[in-house]
Amino acid sequence: MRFYCTDDTVDLEQYPYHVRDVHISDPFILADPKSRCYYTYVQFADTERFPDVETDKEHGVFYVLESKDLIHWSKPQICFRQNNFWADKDYWAPEVHIWKGRYYLFSSFRADGHYRKCQCLVSDSPKGPFEPIRQEAVTPDGWQSLDGTLYVDRSGKPWMVFCHEWLQVGDGQICAIPMSDDLGEAIGDPVILFRASDGKWNAKGAKEGGYVTDGPFLHRLPGGKLIMLWSSFTEKGAYAVGYATSRFGDIMGPWDQELEPLYALDGGHAMLFYTFGGQLMMACHCPNDHPKKRILLFEMEEDENGLHVVNEVTGNWFHAAGGPAKGWVYEKPCVEIPSFARLPAVFSPIPLIQVTLSFNSM
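Description of the structure in this document. (Residues numbered from 1 in each chain as written. Predicted model: local features only at pLDDT ≥ 70, side-chain atom pairs only at ≥ 80, totals over all residues. Heavy atoms only, no water.)

Considerations on the sheet that holds strand 22 (residues 294-302)
Phase 1: Within the open sheet, the four strands sit side by side as 20-21-22-23. Their pairing is antiparallel. Looking along the sheet, the strands with just one partner apiece sit at the ends: strand 20 (268-274) and strand 23 (307-312). The average angle at which neighbouring strand axes cross in this sheet is 35 degrees, direction not considered.
Phase 2: Relative to strand 23, strand 22 runs antiparallel, the two being bridged by five bridges. By the bridge assignment for strand 23, Met300 is matched with Val309. (Pairing = 2+ DSSP bridges. Helix = DSSP H or I, 4+ residues; strand = E, 2+ residues; numbered from the N terminus. Axes fitted to C-alpha atoms, helices over the stretch in contact; angles between N-to-C directions.)

A closer look at empty space enclosed by the protein
Phase 1: In total, this model carries one cavity of 30 Å³ or more according to the counting rule given.
Phase 2: If you list the elements that add at least two residues to the lining of the largest cavity, you get strand 8 (89-99) and strand 20.
Phase 3: Counting residues per element, the lining of the largest cavity draws most heavily on strand 20, at three residues.
Phase 4: When its residues are assigned to classes, the lining of the largest cavity shows six nonpolar, one polar and two charged. (1 Å grid on protein atoms, 1.4 Å probe; cavity = no way out; pocket = protein on both sides within 12 Å on 5 of 7 lines; lining within 4 Å. Points joined across faces, edges and corners; volume = space filled by probe spheres on them. Nonpolar A, V, L, I, M, F, W, Y, C, P; charged D, E, K, R; others polar.)

Brief notes about the pattern of salt bridges
Phase 1: Within this structure, the stated rule accounts for 17 salt bridges.
Phase 2: Its salt-bridge partner being Lys89, residue Asp112 comes within 3.3 Å of it at the nearest N-O pair. Placement of Asp112 in the loop between strand 9 (102-110) and strand 10 (117-123) and of Lys89 in strand 8 is noted, with a sequence separation of 23 residues between them.
Phase 3: On the basis of relative accessibility, which here comes to 27%, the residue Lys89 falls in the partly exposed class.
Phase 4: The shortest N-O distance in the salt bridge between Arg110 and Asp90 comes to 2.8 Å. Residue Arg110 is located in strand 9, and its partner Asp90 is located in strand 8; the two are separated by 20 residues in the primary sequence.
Phase 5: Through salt bridges that share partners, Asp90, Arg110, Arg116 and Glu165 make up one connected network. (Salt bridge = Lys/Arg side-chain N within 4 Å of Asp/Glu carboxyl O. Buried < 20%, exposed > 50% of the residue type's maximum accessible area, 1.4 Å probe, protein only.)

A look at the nonpolar core
Phase 1: Counting residues in each nonpolar core, the largest one holds 46 residues, and the members touching the most others are Ile29, Trp73, Leu229, Phe273, Met282, Leu297 and Leu307.
Phase 2: Examining the composition of this core, we find that six residues originate from one element, strand 21 (residues 280-286), more than from any other.
Phase 3: Beyond its immediate stretch of four places on either side in the chain, Leu307 contacts Ile227, Leu229, Tyr243, Leu262, Leu272, Leu280, Met300, Glu301 and Glu302.
Phase 4: Judged by nonpolar contacts, the second largest core, of 20 residues, contains Val161, Phe194, Leu218 and Ala240. (Core = buried A, V, L, I, M, F, W, Y, C linked by side-chain atoms within 4.5 Å. Contact = heavy atoms within 4.5 Å.)

So far we have only geometry, and geometry alone does not tell us how the molecule works.
What follows is the structure, given as structure tokens:
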């Protein structure tokens with residue numbers, strides 16, 4: 001049996017933004033156990049759809065969206081405003097992790113005359129307001145870095161895992177650096193975990209000839225193996241998600257690369273999370289064309305040896321697939337209702353025989 005998310009199961013005034021319409025890059029979804037809500041974070045707002053949403057053209061900002069069912073989302077609300085923060089550009093790939101009871105927003109930032117860098121903001125709420133922990137970045141001076149994420153090792157120590165960008169080093173790197181307990185600064189030297197050219201499935205994905213690394217995310221499988229999702233480009237030029245496995249189960253690896261990507265139809269920068277119903281999900285964006293980027297949500301299967309895609313539930317691939325599937329995209333939007341094998345929220349499920357087509361926006 002599958003459970004369907006129709007518009008009549010939610011308050012559309014509070015959650016008017018259908019997942020098929022959410023314009024987003026590098027989606028990260030926080031399943032917050034306190035509020036029993038899902039949150040995702042963006043650096044821009046759809047002001048045509050929501051003309052009354054607050055904007056701030058003088059400062060860099062992040063917005064937060066909230067959902068009960070992963071399909072219907074709230075309109076954007078500012079959760080961080082630059083004010084006296086050092087960076088006003090390249091607010092890229094925000095993700096929020098819970099650490100010791102507080103909410104930490106990891107992201108990339110830049111200011112004129114400086115490289116991109118990664119650091120953390122903190123709040124007592126997933127909705128913010130977030131504030132900088134320090135005015136200095138966590139990633140090393142002189143490094144062009146992006147896509148920082150949190151890893152907590154078996155001894156309970158926090159690390160930032162991030163990309164040392166291919167634009168600076170040619171062969172993009174995935175690196176890790178130990179962090180202070182408040183996640184405000186580095187307390188050791190960075191370590192290169194692997195390079196983009198170590199991947200078995202990726203290719204030189206830029207016209208300039210560099211090897212790209214994007215979007216690291218770490219996850220421990222049921223049997224204890226540590227895996228890392230990361231993104232690059234296939235030989236056909238499609239943005240893709242693959243993963244590597246740590247041979248000894250911790251951050252230092254060495255990291256063994258899978259031969260084939262998890263998803264290679266021009267979607268990438270993926271992460272994993274569990275719904276409140278216990279289903280493992282993967283989120284990424286597709287296509288890798290900024291104006292068209294939308295969330296893809298996949299039901300996943302995991303065991304002690306690996307990770308597999310079961311089904312994509314949002315329907316956002318039908319007009320946006322690239323790479324080897326580019327010729328198979330549909331000219332007209334699908335009208336399938338998003339469905340789940342397990343309930344992502346507490347709402348009345350609609351049995352298959354009672355489903356009626358009902359969409360807020362297409």
